[in-house]
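Secondary and tertiary structure notes
So the chains spell out like this:
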There are 2 protein chains.
Amino acid sequence: MVSEVKMVIAFRKDIDLGKGKIAAQVAHAAVSCALQAEKHDKKHFKEWTKSGQKKVVIRVNDIETIYVLKNRADQAGIINSLITDAGLTQIPPGTVTCLGMGPYESDKLDEITGEFPLL
Amino acid sequence: MVSEVKMVIAFRKDIDLGKGKIAAQVAHAAVSCALQAEKHDKKHFKEWTKSGQKKVVIRVNDIETIYVLKNRADQAGIINSLITDAGLTQIPPGTVTCLGMGPYESDKLDEITGEFPLL
């Protein structure tokens, strides 16, 4: 059986942003990953869009954890995108806010991100 | 001078969702609009990605307002995407949650959505 394909976005819980701003950052990660996958990982991209483009948003403690996850995704060959806020509003410019990973097989992503709770 | 290009996502404030779930719905709208624009409105898509893919998330009262905005966007020839939750978790299946519009010129989008506050 083919595993479900999903995208996971990890958001830092140690930065103070309103829910609209969080949503915009997560959307930035999702769009960046989707456009990369469309070019460089057509197989997962197609399965993901065909199956309703599932997304899961998790929360991590801090930027160190974001980099740990990025490293795991890179090692596994999973497309990922680190998002930095332009900082025009609520936080300093250049603040890393979240990391998008995938689309990729759900069980492989769970090996990388499964220990973290939903946002 | 060329107007800035942005995307606007309108989210219903009358449905009860956690911030991670809101973010996933908004991301769904953003990805759908981006992929449509990439195919059918290359000019705005290119300007938007080149300029940092700006996104603004606003809140509207109810589903009627979502449909009013969709109608305005359709009339103006602006790509838009209505998002329906799969309803597997917090709300009933098939609930319309948000509407993505654009990417398009900021001033034109403001004519359609400028009266609404940020989420």
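Residues numbered from 1 in each chain as written. Chains lettered and ligands numbered in written order. Predicted model: local features only at pLDDT ≥ 70, side-chain atom pairs only at ≥ 80, totals over all residues. Heavy atoms only, no water.

**Thoughts on the pairing of strand β4 (residues 96-105) of chain B**
Across a regular strand the side chains alternate sides, sitting on one face of the sheet and then on the other. All names here are of chain B. Going by this rule: Buried means the residue's accessible area, taken with a 1.4 Å probe over protein chains only, is under 20% of the maximum for its type, while exposed means over 50%, and partly exposed covers the values in between. The numbering of helices and of strands both runs from the N terminus, where a helix is a DSSP run of H or I of at least 4 residues and a strand a run of E of at least 2. When DSSP finds two or more bridges between two strands, those strands count as paired.
The buried fraction of β4 is high, at 10 of 10 residues. As judged from the six bridges shared by strand β1 (residues 5-12) and β4, these two strands associate in the antiparallel manner. Of the residues in β4, the one forming a bridge with Ala-10 is Leu-99. The pairing of strand β3 (residues 80-84) with β4 spans five bridges and is classified as antiparallel. Bridged to Asn-80 within β4 is Met-101.

**Focus: the relation of the copies chain B and chain A**
Definition in use: The superposition of copies rests on a least-squares fit of C-alpha positions from residues with pLDDT of 70 or more in both.
Superposing chain B onto chain A takes a rotation of 180 degrees plus a shift of 0.0 Å along the axis, which leaves an RMSD of 0.0 Å. What we have between these two chains is a two-fold relation.

**With respect to the side chain of Asp-41 of chain B**
Worth spelling out the cut-off: In this analysis, two residues are considered to be in contact whenever any of their non-hydrogen atoms come within 4.5 Å of each other.
Turning to its location among the elements, Asp-41 of chain B is positioned in the loop between α1 (19-40) and α2 (42-50). When sequence neighbours within four positions are dropped, the list of residues in contact with Asp-41 of chain B reads Gln-36, Ile-79, Pro-103 and Tyr-104 of chain B.

**Description of unusual backbone geometry**
All names here are of chain A. The omega torsion of the bond from Gly-102 to Pro-103 falls at 5 degrees, within 30 degrees of zero and hence cis. Residue position: Pro-103 is located in strand β4 (residues 96-105). A positive phi is found at Gln-53, a non-glycine position, where the angle reads about 40 degrees. With respect to the helices and strands, the residue Gln-53 is situated in the loop between α2 (42-50) and β2 (55-60). Residue classification places Gln-53 among the buried positions, given a relative accessible area of 7%.

**Examining the interface of chain B and chain A**
Test applied: Defined in terms of a 1.4 Å probe, buried area is the accessible area two parts forfeit on being brought together, summed over both. A carboxyl oxygen of Asp or Glu within 4 Å of a side-chain nitrogen of Lys or Arg is what we treat as a salt bridge. Contacts described as polar in this section are N or O atom pairs within 3.5 Å, which, within protein, must combine one atom able to donate a hydrogen with one able to accept it, while residues neighboring in sequence count only if both atoms come from side chains. As a working rule, the residues Ala, Val, Leu, Ile, Met, Phe, Trp, Tyr, Cys and Pro are called nonpolar, Asp, Glu, Lys and Arg charged, and the rest polar, with Gly in that last group.
The interface of chain B with chain A comprises 22 residues on the first partner and 22 residues on the second. Interface area, chain B with chain A, both sides summed: about 1,800 Å², of which 75% is carbon and sulfur. Per-residue buried area on chain B facing chain A is highest for Lys-19, Val-31 and Leu-35 of chain B; these three make up 26% of the total on that side. At the boundary of chain B and chain A, one finds zero salt bridges. Linking chain B to chain A there are two residue pairs in polar contact (both at pLDDT 80 or more). Per-element tally for the side of chain B that touches chain A: the top contributor is α1 of chain B, with 14 residues. Taken together, the residues that form the side of chain B that touches chain A break down as 13 nonpolar, six polar and three charged.

**Observations concerning the packing of helix α3 (residues 63-75) of chain A against helix α4 (residues 106-113) of chain A**
All names here are of chain A. Basically, it comes down to this: An axis is simply a line fitted to the C-alpha atoms; with a helix, the fit covers only the stretch in contact. Between two such axes, the angle follows the N-to-C directions and lies from 0 to 180 degrees. If you view the pair so one helix is near and one far, a crossing is left-handed when the near helix is turned anticlockwise from the far one by less than a right angle, and right-handed when it is turned clockwise.
Contact geometry of α3 with α4 gives a least axis separation of 10 Å together with a crossing angle of 145 degrees. Here α3 and α4 pass one another in a crossing that is right-handed. Counting all contacts with α3, which are made through Leu-69, Arg-72 and Ala-73, the residues of α4 involved are Glu-111, Ile-112 and Thr-113. When the residues that make up the contact of α3 with α4 are grouped by side-chain class, the tally is three nonpolar, one polar and two charged.

**A closer look at the nonpolar core**
Selection criterion: The set of buried Ala, Val, Leu, Ile, Met, Phe, Trp, Tyr and Cys residues whose side-chain atoms join them within 4.5 Å is what this entry labels a nonpolar core.
Of all hydrophobic cores here, the largest spans 52 residues; its most connected members are Phe-11 and Val-26 of chain A together with Phe-11 and Val-26 of chain B. For this core, the secondary-structure elements that each account for two or more residues are β1 (5-12), α1 (19-40) and α2 of chain A together with β1, α1 and α2 of chain B. Non-local contacts of Val-26 of chain A, meaning those with residues more than four positions away in its chain, are made with Ile-9, Phe-11, Val-57 and Cys-98 of chain A together with Ala-23 and Ala-27 of chain B.

Just geometry here; none of it tells us what the structure is for.
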